[in-house]
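For reference, the chains in residue letters:
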Amino acid sequence: MKIIFRLFSVFVLTLSFMTASYAANPKTDDGTVVTKRQECFLKKYTHLRKNDSHLDIIADLPIAGPKSMVDSITSFLNEQLYWYFNDNEEQPRLPYNKVFSTDAPHLLKHYKKAFKPFFNAKDPDVCEFAIDCLELKMVAQTATFVTYEVVYVHFGEGLEEERSWVTFVKSDGHRLKEVISYDNMVRFMKEHPQQRPVDVWEDIQRNTATHESPRSYQAGLLNDKMAFQYRWAPGIFDDSEYDLTTIKPYLSEEAQELFSGK
């Protein structure tokens, strides 16, 4: 019994080492992008009551996958993090080439350290940045693409979440230029009245009748859906999702190819 117990203990210990080794050095041979979610807390500050809000960043950092994909996602994360810390383009706190980093697993720590002199973590009465919280999360992965969702969180009269999406094409890592055109989105709503948000559709018709400029919108590819956010005004948004079965013919040509596995 002692021998059996010792052999079992050795087996469990070996399995534990194997699991730990994979977690520290993940490998993929099928084109899968592996990420690790990290959170970077900057400071607490006063919004309505003392220390009731905080500056925070959450990001899915690529730790394994095809080099072209990891490089492309890393560049995208650098851009988003730099913009967060440098919301005033006319007076950037630091030049981009001085803080750009290819060390994806440590990007959040790197940017926090680089910009530490520009915010006072001990002063709760000042919010140094235009965005309260930034979220950079992978929300879709298929055999042909990966999609990240960017969320700008604002603490105004209520919680405001401004969303956008960026899709990376696995064939070479480039970013999808367009998911769906405004005209095709309008055509989809016109031809599928049962799926359109009533208020959004009425607003689109009103803008068209008065020849006003269309409101801005964002669209993103998910695994089997298209995410859509309509911007009424700063801080006021309308979020929807549409199944691939109905929205696919209206997508851009490249987006349709990605969904078709090309």
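Above: the structure in question.
To start, this report covers the structure provided alongside it.

With a phi close to 60°, His211 is a non-glycine residue in the positive phi region. Note that His211 resides in the loop between α6 (198–209) and β6 (217–221).

Buried residues of helix α5 (residues 182–191): Met185, Phe188 and Met189, and no others. Down the axis of α5, the smallest arc covering the buried residues is 95°, so these residues share one side. Set apart from the buried face of α5 by more than 90 degrees, the exposed residues are Asp183 and Lys190. In this fold, the buried residues of α5 make contact with α6, β7 (225–233), β8 (236–243) and α7 (244–247).

Tracing the backbone shows His106 in the loop between α3 (96–99) and α4 (107–114). What makes His106 partly exposed here is its relative accessible area of 40%. Along the primary structure His106 and Gln38 are separated by 68 residues, whereas in three dimensions their C-alpha atoms are 9.2 Å apart.

Strand order across the open sheet formed by five strands is β1-β2-β3-β4-β5, with mixed pairing between neighbours. Strands at the two margins of the open sheet, each flanked by one partner only, are β1 (34–45) and β5 (159–169). Geometrically, the sheet is characterised by an average inter-axis angle of 25° between neighbouring strands, direction not taken into account. Sheet analysis places strand β3 (residues 133–141) next to strand β4 (residues 145–155), joined by eight bridges and oriented antiparallel. Across the sheet, the residue bridging to Cys133 is Val153, located in β4.

Counted according to the given criterion, the structure contains 22 aromatic pairs. Ring centres of Tyr111 and Phe115 lie 6.2 Å apart, and the angle between their planes is 10°; this geometry places the pair in the stacked category. Pair check on accessibility: Tyr111 and Phe115 agree, each one buried. When the centroid spacing of 5.4 Å and the interplanar angle of 85° are considered together, the rings of Tyr230 and Trp232 count as edge-to-face.

Contact geometry for helix α2 (residues 67–85) and α4: axes closest at 11 Å, N-to-C directions at 30°. What the angle tells us is that α2 and α4 run roughly parallel. Between α2 and α4 lies a crossing of right-handed hand. Residues Thr74, Leu77, Asn78, Leu81, Tyr82 and Phe85 of α2 form the contact with α4, whose participating residues are Leu107, Leu108, Tyr111 and Lys112.

Another point: the sheet that holds β8. Strand order in this open sheet of three strands is β6-β7-β8, and the pairing throughout is antiparallel. Here the strands that pair on one side only, and so sit at the sheet edges, are β6 and β8. Going across the sheet, the axis of each strand differs from the next one's by a mean of 15°, ignoring polarity. By the bridge criterion, five bridges tie β6 to β7 in an arrangement that is antiparallel. Bridging across to β7, Tyr217 finds its partner in Tyr230. Along the sheet face, α6 touches β7 and β8 and points at about 60° away from the line of β7.

Right, let's get into the pattern of salt bridges. A pair can form between side chains of opposite charge whenever their charged atoms are brought close. Per the counting criterion, the structure on display carries 12 salt bridges. Across the salt bridge formed by Arg175 and Glu79, the nearest N and O atoms sit 3.0 Å from each other. With a gap of 96 residues between them, Arg175 in the loop between β5 and α5 and Glu79 in helix α2 connect regions that are remote in the sequence. Given the relative accessible area of 29%, Arg175 is considered partly exposed. Connected via shared salt-bridge partners are Glu149, Glu161 and Arg163.

What follows concerns the packing of α5 against α6. Remark: α5 packs on α6, axes separated minimally by 11 Å, with the N-to-C direction vectors making an angle of 120°. Taken together, the axes of α5 and α6 lie oblique to each other. α5 and α6 meet at a crossing whose hand is left-handed. Touching Tyr182, Val186, Met189 and Lys190 of α5 are Val200, Trp201 and Ile204, all from α6.

Scoring rules and cut-offs
Residues numbered from 1 in each chain as written. Predicted model: local features only at pLDDT ≥ 70, side-chain atom pairs only at ≥ 80, totals over all residues. Heavy atoms only, no water. Helix = DSSP H or I, 4+ residues; strand = E, 2+ residues; numbered from the N terminus. Buried < 20%, exposed > 50% of the residue type's maximum accessible area, 1.4 Å probe, protein only. Arc of directions from axis to C-beta. Contact = heavy atoms within 4.5 Å. Pairing = 2+ DSSP bridges. Axes fitted to C-alpha atoms, helices over the stretch in contact; angles between N-to-C directions. Phe/Tyr/Trp six-rings, centres within 6.5 Å; stacked < 30°, edge-to-face > 60°. Parallel < 35°, antiparallel > 145°, perpendicular 65-115°, else oblique. Left-handed = near helix turned anticlockwise from the far one by under 90°. Salt bridge = Lys/Arg side-chain N within 4 Å of Asp/Glu carboxyl O.

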